[in-house]
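Tertiary structure, described
For reference, the chains in residue letters:
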Amino acid sequence: MTEQGESESSAILRVLLVDANARDAQRLLDALKGGGHAVYSRQVALRSEIGEALNGEAWDIAVLSCALPDIEPVEALDLVAELAPGLPVVLAIARGQKLFPVELLENGACDFVFKSNPSRLLPVVERECARLRLRQNQAPSMPEVPVDECAARFLQLASNVPECYWLTDAETRRVTFVSKGYAQIWGRYVEALYADPMDWLKHVHTDDQQRLTQAFQQHRHGGLDERFRILRPDGGVRWLHARTFPVRDEAGTVVSIGGVASDVTSLLADQRQLPFFAHFDALTALPNQLMFYDQARHLIALARRTALSVGIMVVDIDHFRELNQTLGHTAGDELLRQIGARLSGSLRESDSIGRIGGDVFVILLPDAPDSQFAATVARRIIDTLILPMRVEGQEVFATASIGIAFFPADGDTAHELVSHAEVAVRHAKSQGRNTYQFYSGQMRDDIRDRLFLESELRNASLRNEFVLHYQPKVSCANGRITGAEALLRWNHPRRGIVPPDQFIPMLEETGLIVPVGRWVLQEACRQTVLWQQAGLDMPSISVNLSARQLLSDTLLGDIRETLALSGLKPACLDLEITESMLMQNADTAIRTLFALKEAGVSISLDDFGTGYSSLAYLKRFPLDAVKVDRSFVQDIAADSDDASITRAVITMAHHLKLKVVAEGVETPEQLALLISHQCDIIQGYFFSRPLAVPEMSELLAADKCLPASLLRSGTRKPMALFVAVDGCEEVISMLDRDGHRVCTANDIEAVTQWFAANLVDVLVCGSPRKGFDTAGVIRLAAQMQPLCERILLAGGREWNRKLVTELSASGLVHRVIHLPFEATAFRHTVEEALEQRRISEDYSRLSHEVEQAERKLLHAEEERRRLELQNQLLQTTEAQGYGILQELLAEMSGPVFGVDDAGMLVLVNDAALKAFAERRLAIGERLRDLLPELPLLGDNADARINHAHYACRWRQIGAGASPGGWLLLLEGRGQ
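Just so you know, these numbers come straight off a predicted model, no measurement behind them. (Residues numbered from 1 in each chain as written. Predicted model: local features only at pLDDT ≥ 70, side-chain atom pairs only at ≥ 80, totals over all residues. Heavy atoms only, no water.)

Turning our eyes to something else, we now look at the pattern of salt bridges. Applying the stated criterion across every chain yields a total of 33 salt bridges. In this structure, the salt-bridge partner of Asp703 is Arg480, at a minimum N-O distance of 3.0 Å. With Asp703 in the loop between α26 (693–702) and β28 (719–723) and Arg480 in the loop between β19 (466–475) and β20 (481–492), this pair connects stretches of sequence that are 223 residues apart. The exposure class assigned to Asp703 is partly exposed, which follows from its relative accessible area of 39%. Here Lys627 ties to Glu663 by a salt bridge, and the two come within 3.6 Å at their closest N and O atoms. One end of the pair, Lys627, is in strand β25 (residues 625–628); the other, Glu663, is in strand β26 (residues 659–663), with 36 residues separating them in the sequence. Here Lys627 matches Glu663 in class, with each residue buried. Where salt bridges share partners, they join Asp207, Asp208, Arg211, Glu226 and Arg229 into one cluster. (Salt bridge = Lys/Arg side-chain N within 4 Å of Asp/Glu carboxyl O. Helix = DSSP H or I, 4+ residues; strand = E, 2+ residues; numbered from the N terminus. Buried < 20%, exposed > 50% of the residue type's maximum accessible area, 1.4 Å probe, protein only.)

Averaged over every residue, the pLDDT of the protein is 81; the share at 70 or more is 88%. Taken element by element, the protein is modelled with least confidence in strand β1 (residues 2–4), mean pLDDT 46, and with most confidence in strand β22 (residues 541–544), mean pLDDT 93. Under a pLDDT of 50 for its full length, residues 1–10 has, in the predicted model, 24 contacts with residues more than four places off or in other chains. Contacts for the low-pLDDT stretch residues 137–147, under 50 throughout, to residues beyond four places or in other chains number 13 contacts. (pLDDT = per-residue confidence, 0-100. Contact = heavy atoms within 4.5 Å.)

Another aspect to go through is the sheet that holds strand β10 (residues 237–248). On the basis of which strands lie adjacent, the open sheet formed by five strands has the order β8-β7-β11-β10-β9 and antiparallel pairing. Each edge of the open sheet is held by one strand with a lone partner, namely β8 (175–178) and β9 (225–231). If you compare each strand with its neighbour and ignore which way they point, the axes differ by 25° on average. As defined by bridge partners, β10 adjoins strand β11 (residues 254–263) across nine bridges and the pair is classed as antiparallel. (Pairing = 2+ DSSP bridges. Axes fitted to C-alpha atoms, helices over the stretch in contact; angles between N-to-C directions.)

Bringing the packing of aromatic side chains into the picture now. Applying the stated rule across the entire model yields 16 aromatic pairs. With a centroid separation of 4.8 Å and 50° between ring planes, the pair formed by Trp200 and Phe216 is classed as tilted. Of this pair, Trp200 sits in the loop between α8 (190–195) and α9 (206–218) while Phe216 sits in helix α9, and the two are 16 residues apart along the sequence. With a centroid separation of 6.4 Å and 75° between ring planes, the pair formed by Phe722 and Phe826 is classed as edge-to-face. Within this pair, whereas Phe722 is found in strand β28, its partner Phe826 is found in helix α31 (residues 823–891), the two being separated by 104 residues in sequence. Take Phe722 and Phe826: they sit in the same class, and that class is buried. (Phe/Tyr/Trp six-rings, centres within 6.5 Å; stacked < 30°, edge-to-face > 60°.)

Sheet strands line up and pair through hydrogen bonds in the backbone, either parallel or antiparallel. Taken together, the five strands give an open sheet; going across it, the order is β29-β28-β30-β31-β32, and neighbouring strands pair in parallel fashion. The two strands at the open ends of the sheet, each matched to only one other strand, are β29 (741–745) and β32 (815–818). The mean angle between the axes of side-by-side strands here comes to 20°, regardless of whether they run parallel or antiparallel. Two strands pair when backbone bridges link them, and strand β31 (residues 789–794) and β32 are joined in this way by four bridges, in the parallel orientation. Directly across from Ile791, in β32, lies its bridge partner Arg815. Helix-sheet contacts for helix α27 (residues 729–737) involve β28 and β29, and the interaxial angle to β29 is about 150°.

Before going further, it helps to examine the side chain of Lys473. When you line up the elements, Lys473 lands in strand β19. For Lys473, a relative accessible area of 7% puts it in the buried group. With residues up to four places along the chain from it excluded, the contact list for Lys473 reads Arg480, Ile481, Thr482, Gly483, Ala484, Ser542, Asp574, Glu576, Val661, Ile681, Ile682 and Gln683.

If you want it as structure tokens, here you go:
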């Protein structure tokens, strides 16, 4: 029970709030205070509290909630009437209340307000308080207020409320006062009523005039309480509730008859609509859940008797929660109304639709002949919703996921069919939304399996069922392993190794990814250190971070703790993150990544090309490498667009001083193209699948490398390939004799094999002729070996010249040698092309090495700055420690000396300088030269100096195996 305000004056509006909900009571109180009144209120809820409040204080009005914990509203109304007769009671009704409390209005409640619209409370309270004061005829509660002031207040109050007030003289029956509410309710002029007191009766509905006239004659001195209809000038009909009461003077004589009339048209309309709202949704006017299930039960019963099929379709609006949060609940309600109207317009007259949830609609399809018919309806609904809807002045687009189930195939009851259709909805959402799915038993099995899988997954970490496999990453420059990526696997006791795509998304959903990711980090670092200690070449280890880990407050602490416990150098740890993780919360990601860089680890961007970021945007992030997604690498040898994209990514990444790692490399053709495009590192099944620890250890021990024939020119000799050439034996022999690599092929099949397994620097293609597709060889070379020099031998025939011209004009051919040719000159041409290719590749290799060196220098500079900062901090700390030591020694009463390992004096306190002033102690001198009486370094013997006896205490200072010197303390033992 709460109290608000203080009863300092009888002019204060005293309100008793009978409500168990403090928030609702406060809203009602705020509505009263908003009218400028000084309000004293008290909130009560229990029967005992109501009785105590009514017995202990006087109140102007009571606001009664229809939902109380231990007393029914009717009983509460009776209690008020018993303890405070005549106290006006206003009902506060929740908007969602199913039954309107008509009996409370009939049993004494004056009026009602909805809690959702408390603004109406103020005029109702002012009206009822005015009535109370009129009945009390200047009650003792206001003896000090002059009559003229009371009249002025009443007139002001009556002129600002929607109800109609009037006063008639008890003797003459003339109207002495009518409020403005008369004109608003009746739609007639007040002057006509002053001229003719019975003018109002002319406008009463003819069916009610006789009854109302008799009632007024019967209650000439007050007590009238009737409902009747009036006709307005515009032809409209309104229901009024009129009541009259006597007004007495100080002697108790009736001097006036007061009356009040209220417009109750909306109240009666609400009462008539109660059955409607019990079965229909108030927002969309569609059948609600109760009505829908009743219709479905009847339809299923009919279908069971007639052996017909019934379809049930659940329509779930996609992303409605986000739309509601963005546009606001009012706009969300309007959107639902429009969606309901569109769905209704997409159905047959025999179909039924209802709303059974916030954004969930359900449709009954009676006598659905087959799934094709239901699919047609579903597609029509999807197409209808795709069109934009205008909500609060802006266009909004909504899509829906639809699930469909049939009676009797998918269930026997309405609830079972709706449940199965909702399962199909979830499956439709998992397929990308804006689609429909038919229910099948497999979906139910999938959900059951998913529940079981989640339960088993939660126990997997406790049972140590997670293991790591490692996939090596290999350098395209020297073919050696540069590191490995740690990949999580689940060794299920019954299913065996579970693929990551079947459980990692669930780890993300359940939040288990954070502790599991921490274990992966610890285990990968520990295993890498074991390989390094065993003498195996494992330069670095890559660990994938999830989005939750990246945003976790504990990430930086986990990494530092893992590096410290495992002993792995920070430079050996590479953390892989995805584009989507960076784009979701860029500012937070930037702060986290810079903190990780300060810790010394490297950072790679995984799956680059699958998101919406650009390399230019990635300059904001402290990255070391980008990994080209396998979707580009997969078709790089067959799709020129993928090849161009990959080449552009590699070039731009190198300009940004980033390494490039291509993942998913499975064929020699893919590897050859990546190497020709200056890719730094490759990873994929071509070199090795992910391996368990024992197999990975064997691979490292074998020192496996990429084939030397595919590596860059820094480790191989340029090669010339002659294809279907005649008369070139002498040229080939001379090139071979000069030490060049020369190979031959006779047809396009052999050429394809050569291109797949080797890098070709110069291609010499024979002239066009029947049975040999010269143009096909040239195009294949341009696609699979884009950097090779392409030379075409051309004959003199007309059709030959035409093809040569086309190939030259398209840029596919770099040089054309016309037949016949001179052998020596042709040899020089090929040698020149090989030399140019060697120089070009050497330049590319050197440029790449320079870029790598620049990256290393950049990292070295960052490391130097970090160490310099640490050194400065260490020097500051040491200086502070030295100062503290000096202050400590100065406070010691006995002589104290500090010497280095050579016995040189580096520290002396004031007590020693005073005790041995004549010895002229000086820093940098040998202590034994100044005080030869002292024992040897480290010898805790006694010494007699200047006729005084001292006990010598040597203490070695420093840490570990590198001592920093000695301290000597002299304790006096007397003369």
